[in-house]
Amino acid sequence: MDTPKVFESEYRFCEILWEHEPVSSSELVRLCKERLEWKKSTTYTVIRRLADRGVLKSENAVVTSLVSKEEVQSMESAEIVNRTFSGSLPGFIAAFVRKKSLTPDEADEIQKIIDSYRS
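Keep in mind it's a predicted model, so treat the numbers as computed, not measured.

Student: I'm lost on the overall build of the protein chain in this one. Help?
Tutor: Across its full length, the protein chain carries six helices and three strands. The order of helices and strands in the protein chain, counted from the N terminus, is α-β-α-α-β-β-α-α-α. Against the globule reference of 14 Å for 119 residues, the protein chain gives a C-alpha radius of gyration of 18 Å, more extended than a compact globule. Seen through its C-alpha atoms, the protein chain measures out along the principal axes to roughly 45 × 30 × 25 Å. Classification of the 119 residues of the protein chain by burial places 26% in the buried group. Put simply, of all contacts in the protein chain between residues at least 6 apart along the chain, 54% involve residues at least 24 apart. For the protein chain, the computed accessible surface area is about 8,300 Å², with 52% contributed by carbon and sulfur atoms.

This is how it looks when you write it as structure tokens:
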């Protein structure tokens, strides 16, 4: 199954959900009002919309995610690489490090990731 698209404002909502799940819809309303300055109706609309797309489920007023943060991040990252760099991961990485210096620890971590895919 493909990971459903999660738009920016929905992603901010999902961050709250991932942090607190399983969580009651009334608690989500409170958290979204506090953190996102959303009205109750906005929160319930987003819950319904994301449930319809298979991102989360809401049963008996308890909301849980069906898609992990990592799955959404992977899908979004792949979409950016495909759209902006014609699918070239080396092109993306080169552009990224031109604007942000890597620490030695970050470089080591990236090298470990690359090495794990070569094995």
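What follows picks up the thread again.
Student: Explanation requested: the packing of helix 4 (residues 69-85) against helix 5 (residues 89-99) in the structure shown.
Tutor: The description of two helices packed together rests on the angle between their axes and the distance between the axes. Two numbers describe how helix 4 lies on helix 5: the axes approach to 9 Å, and their chain directions differ by 90°. Taken together, helix 4 and helix 5 sit at an angle that is classed as roughly perpendicular. Every residue of helix 5 that contacts helix 4 at Ile80, Val81 and Phe85 is listed here: Leu89, Gly91, Phe92 and Ala95.

Student: Explanation requested: the environment of Gly54 in the structure shown.
Tutor: Its location among the elements puts Gly54 in the loop between helix 3 (40-52) and strand 2 (56-59). Judged by its relative accessible area of 18%, Gly54 falls in the buried class.

Student: What is the right way to look at the pairing of strand 2 in this model?
Tutor: Direction of pairing for strand 2 relative to strand 3 (residues 62-65): antiparallel, over a ladder of four bridges. Within the sheet, the bridge partner assigned to Glu59 lies in strand 3 and is Val62.

Student: Could you clarify how one ought to interpret the side chain of Glu10 in this entry?
Tutor: Among the structural elements, Glu10 can be located in helix 1 (residues 8-20). Among all residues touching Glu10, those that are not within four sequence positions of it are Lys5, Val46, Arg49, Leu50 and Arg53.

Student: Any chance you could explain a nonpolar patch on the surface here in plain terms?
Tutor: Where nonpolar side chains cluster on the molecular surface, the patch consists of Leu89, Ile93, Phe96, Val97, Leu102, Ile110 and Ile114 and spans about 530 Å² of accessible area. Sorting the residues of the nonpolar patch by element identifies helix 5 and helix 6 (104-118) as the ones contributing at least two each. Counting residues per element, the nonpolar patch draws most heavily on helix 5, which supplies four residues. The topology assignment puts Ile93 in helix 5.

Student: Where do I start with the pattern of salt bridges in this structure?
Tutor: Oppositely charged side chains may form a pair once their charged atoms are brought near each other. Across all of its chains, the model carries 10 salt bridges by this definition. A single salt-bridge network, built from bridges that share partners, covers Lys5, Glu76, Glu79 and Arg83.

The rules we used
- Residues numbered from 1 in each chain as written.
- Predicted model: local features only at pLDDT ≥ 70, side-chain atom pairs only at ≥ 80, totals over all residues.
- Heavy atoms only, no water.
- Helix = DSSP H or I, 4+ residues; strand = E, 2+ residues; numbered from the N terminus.
- Rg over C-alpha atoms; globule rule 2.2 N^0.38 Å.
- Buried < 20%, exposed > 50% of the residue type's maximum accessible area, 1.4 Å probe, protein only.
- Contact = heavy atoms within 4.5 Å.
- Areas by Shrake-Rupley, 256 points an atom, 1.4 Å probe, with all protein chains shown as cover.
- Axes fitted to C-alpha atoms, helices over the stretch in contact; angles between N-to-C directions.
- Parallel < 35°, antiparallel > 145°, perpendicular 65-115°, else oblique.
- Pairing = 2+ DSSP bridges.
- Patch = residues over 30% accessible without salt bridge, like charges linked within 9 Å, V, L, I, M, F, W, Y side chains within 5 Å.
- Salt bridge = Lys/Arg side-chain N within 4 Å of Asp/Glu carboxyl O.

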